Amino acid sequence: MATLSPPSTAASVADKPPSSLASAPKPRRKRLMWICVGVAVAIGVVVAIVLAVLITNKVINVKGSSSADASPEAAVASPSQSSEPSSDSDRSAKSDPNGQTALTRSARPSATATSTRPSSTSSAPESTSVSCPKKTDIPSAARGTYFDTTAWLDMTDFNCTYTDETVGGLPLVGLDSTWDDSARANPNVPALNKPWGSYNSRPARGVNLGGWLSLEPFITPSLFAYDSSLGVVDEYSLSKYLGAKAAATLEKHYSTFVTEQDFKSIADAGLDHIRIPFSYWAVETYDDDPYVSSISWRYLLRGIEWARKYGLRIKLDLHGLPGSQNSWNHSGRQGKVGFLLGSSGAKNAQRALDIHDKLSKFFAQDRYKNVIAFYGLANEPGRDLDLDSLVSWTAEAYKIIKDNGVSAIQVFSDALRGLPEWQGRLQGYGNSLVVDTHQYVIFDPALLAFKHTAKITFACETWTEQVSDSVSSGFGPTMVGEWSQADTDCTRHLNGVGNGARWTGTFLADGSSPACPTGDKQCSCEMANADPSDYSPEYKLFLKTWAEAQMHAFEKSWGWFYWTWKTESAPLWSYQAGLAAGIMPEKAYQRDWDCSKPIPSFGKLPEFV
Ligand SMILES: *[C@@H]1O[C@H](CO)[C@@H](O)[C@H](O)[C@H]1NC(C)=O
Ligand SMILES: CC(=O)N[C@H]1CO[C@H](CO)[C@@H](O)[C@@H]1O
């Protein structure tokens with residue numbers, strides 16, 4: 001089950017010389033000719049081996065000394081620890097037998113990326129002289145495993161040096177030994193190596209990197225474009241459907257959906273924090289899990305390094321827990337809750353604690369003390385969970401993480417029960433535990449039916465009051481880990497693959513009447529789903545004011561995290577698209593409107609679109 005344990009150094013049985021190639025041709029009468037033929041064959045063998053190495057490594061330079069076990073056969077050597085056939089490291093070793101299957105890798109790490117690092121320390125920043133290992137330099141037992149950097153798709157900004165070192169059972173490979181915490185996101189906030197101070201007086205302004213390491217159909221519909229009869233509706237069913245191809249598909253997504261430029265743009269937008277959702281299979285898979293294990297781990301680590309480079313603080317968010325904590329697609333598997341509930345509930349709750357044990361040992365390292373500001377325990381545990389069980393699980397997780405040395409502020413979800421529910425619970429943690437609430441008007445038909453102006457008033461009054469009360473007389477430390485600019489639930493796949501919208505009365509589970517303010521046949525998703533260049537000026541003004549109202553309200557808490565930074569095609573859920581469309585403030589800390597001002601007129605903006 002442990003998918004990220006380091007490879008044993010014991011030689012694998014598969015790692016044997018290509019003995020069959022040594023057979024000589026039939027002896028002839030003339031001794032000289034026999035020798036000639038022998039020499040020719042020997043040369044042929046050497047050339048073949050060298051060619052094989054060249055092809056395998058896609059390099060021009062091959063050290064003669066490494067040709068001893070450089071046959072393609074040697075590269076098939078499967079790691080000795082993956083004797084368990086269902087383990088993912090085994091699967092990836094099999095699907096990548098010669099180091100050249102579906103995973104097309106970059107030939108060498110990006111030299112420019114290495115040289116632009118702020119932390120130019122003594123240890124070889126001159127990228128040209130850093131030579132990455134070749135397949136043959138990787139200990140045979142580690143070849144094809146997670147630890148084999150020659151099998152990675154994308155080497156940009158990764159340290160390619162082989163190491164099987166782990167912390168808390170989680171690999172360090174890919175990381176540099178040094179780091180630099182001197183960057184700051186913008187002139188209004190302290191550098192990473194300076195204390196942030198009180199979040200009450202300086203609230204976090206952040207975004208989520210949703211749909212990246214934990215898939216969500218509405219964020220990347222292109223990954224879910226299958227015939228509905230195949231039932232590909234979440235990461236579980238997608239991984240299962242793709243089978244052996246899943247690792248390549250997902251790694252391509254991890255490596256392309258979010259790049260260094262995103263971190264730079266996030267800082268440029270005046271944001272200072274990033275919440276990164278990831279799921280348990282980043283570190284572990286269980287039983288017959290079809291999830292692609294481990295690969296997202298290194299993209300998470302690289303993302304943290306990029307955040308560091310731009311002075312952005314991280315909020316870790318365990319988004320998918322063993323068994324599914326809420327039965328929603330974004331937990332990995334939609335359908336039913338198997339965490340703290342049902343016959344495997346206790347087992348999965350313990351697994352989640354084990355995951356946190358590993359994660360917290362890893363993230364307790366000095367290198368994360370400044371950059372990881374918040375550590376989230378569980379995203380949105382469902383309302384079906386027994387509250388007392390959830391509270392004791394949370395307390396247990398908190399203790400494990402704290403005892404392992406994590407200094408980041410821990411975060412628990414209000415579990416969709418509303419903030420007042422948490423007054424008096426989980427007390428005694430001071431400022432080291434925060435309750436996280438997610439605020440949307442679009443999943444509740446009553447709020448969805450509010451007219452444009454009423455939505456803004458609701459944010460300015462009700463949400464402001466809710467978070468202020470929670471901070472001052474409720475649970476205490478409070479933050480808003482998710483919210484969005486969407487004013488309808490019209491986005492495709494938002495309510496699950498293939499489901500319609502409450503706005504137009506086409507959401508299957510609801511089935512009833514359209515929930516848009518006119519509540520009739522006029523209700524339309526046309527404008528909400530249009531390209532922002534087609535939005536009317538009134539709609540744009542509304543959207544910007546709506547976003548600014550929420551920012552204003554949520555800054556009465558410890559801060560906010562927009563959901564989400566980018567989407568393939570849902571502009572009202574994409575901070576990046578909002579900036580491009582001019583419906584988000586250019587700098588999150590410099591806004592035109594706030595709740596103390598009169599709500600502008602939206603002219604003839606119809607209420608049904
Ligand atoms: C790359 O990783 C290796 C192995 O962990 C480490 O020894 C080395 O210092 C790292 N390189 C840099 C530039 O930090
Ligand atoms: C069926 C299901 O789980 N649907 C959820 C999928 O995720 C979106 C948000 O991304 C929710 O709104 C749906 O309820």
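Throughout this description, residue numbers start from 1 for each chain and increase along the sequence as written. All chains are assigned letters beginning at A, and all ligands numbers beginning at 1, according to the order in which they are written. Residue-level local features of this predicted model are given only where pLDDT is at least 70; pairs of side-chain atoms are given and counted only at 80 or more, and the full residue set underlies all totals for whole chains, interfaces and linings. Excluded from the side-chain calculation are hydrogens and water; included are all heavy atoms of the structure.

**So, the overall build of the protein**
Piece 1. Counting from the N terminus, the helices are DSSP H or I runs at least four residues long and the strands are E runs at least two residues long. When its secondary structure is counted, the protein shows 14 helices and 10 strands.
Piece 2. Type-normalised accessible area, obtained with a 1.4 Å probe on protein chains alone, sets the label of each residue: buried when under 20%, exposed when over 50%, and partly exposed for intermediate values. A total of 609 residues make up the protein; the buried ones form 54% of that total.
Piece 3. A total of about 24900 Å² of accessible surface is found on the protein, and carbon and sulfur atoms cover 54% of it. In this description, accessible areas are obtained by the Shrake-Rupley approach with a 1.4 Å probe, and a residue is regarded as covered only by the protein chains that are shown.

**Considering helix α6 (residues 246–257)**
The periodicity of an α-helix, 3.6 residues per turn, causes residues three or four positions apart to be oriented the same way.
Piece 1. Taking 1.5 Å of rise per residue, the 12 residues of α6 would be expected to cover 16 Å, and the 16 Å separating its terminal C-alpha atoms lies within 8% of that figure.
Piece 2. For α6, a buried count of nine out of 12 residues is recorded, marking the element as mostly surrounded by other parts of the structure.
Piece 3. Within α6, the full set of buried residues consists of A246, A247, A248, L250, E251, H253, Y254, S255 and F257.
Piece 4. As for α6, its buried residues are in contact with α5 (235–242), α7 (260–268) and α8 (295–309). Every helix has an expected span of 1.5 Å times one less than the residues it contains. By the convention used here, residues are in contact when the closest approach between their heavy atoms is within 4.5 Å.

**Focus: the state of the cysteines**
Piece 1. We call a pair of cysteine sulfur atoms a disulfide when they lie within 2.5 Å. Inspection of the entire model under this criterion finds four disulfides.
Piece 2. Across the disulfide from C132 sits C160; the S-S distance is 2.0 Å. Here the S-S torsion is close to -90°, and the disulfide linking C132 with C160 is therefore left-handed. In this pair, C132 sits in the loop between α4 (111–115) and β1 (166–167) while C160 sits in the loop between α4 and β1, placing the two residues 28 residues apart along the sequence.
Piece 3. On the basis of relative accessibility, which here comes to 21%, the residue C132 falls in the partly exposed class.
Piece 4. What pairs with C516 in a disulfide is C523, and their sulfur atoms sit 2.0 Å apart. Disulfide C516-C523: torsion about the S-S bond near -80°, hence left-handed.
Piece 5. Exposure remark for C516: the relative accessible area of 2% places this residue in the buried category.
Piece 6. Sequence-ordered numbering of the disulfide-bonded cysteines in the protein gives the connectivity 1-2, 3-8, 4-7, 5-6.

**Quick notes on the site of ligand 2**
Piece 1. If you check the shell around ligand 2, you find E216, F218, W328, N329, H330, Q334, F443, L494, N495 and G496 and nothing else.
Piece 2. Under this definition, polar contacts are N or O atom pairs within 3.5 Å; protein pairs additionally need one hydrogen-donor-capable and one acceptor-capable atom, and for neighbouring residues in sequence, both atoms have to be side-chain atoms. E216 is positioned such that a nitrogen or oxygen atom in its side chain is 2.2 Å from an oxygen atom of ligand 2.
Piece 3. Between ligand 2 and N329 there is a distance of 2.2 Å, counted from an oxygen atom to a side-chain nitrogen or oxygen.
Piece 4. Across the complex, the protein chains shield 83% of the 360 Å² of accessible surface that ligand 2 would expose by itself.
Piece 5. When residue character is reported, Ala, Val, Leu, Ile, Met, Phe, Trp, Tyr, Cys and Pro are called nonpolar, Asp, Glu, Lys and Arg charged, and the others, Gly included, polar. The class makeup of the residues in the shell around ligand 2 is four nonpolar, five polar and one charged. Here, proximity means that at least one heavy atom of the residue falls within 4 Å of the molecule or strand.

**What to know about the environment of M479**
Piece 1. Structurally, the position occupied by M479 is in strand β9 (residues 478–482).
Piece 2. On the basis of relative accessibility, which here comes to 0%, the residue M479 falls in the buried class.
Piece 3. In this structure M479 touches K315, F374, V434, V435, D436, T437, S557, W558, G559 and F561, once residues within four positions along its chain are discounted.

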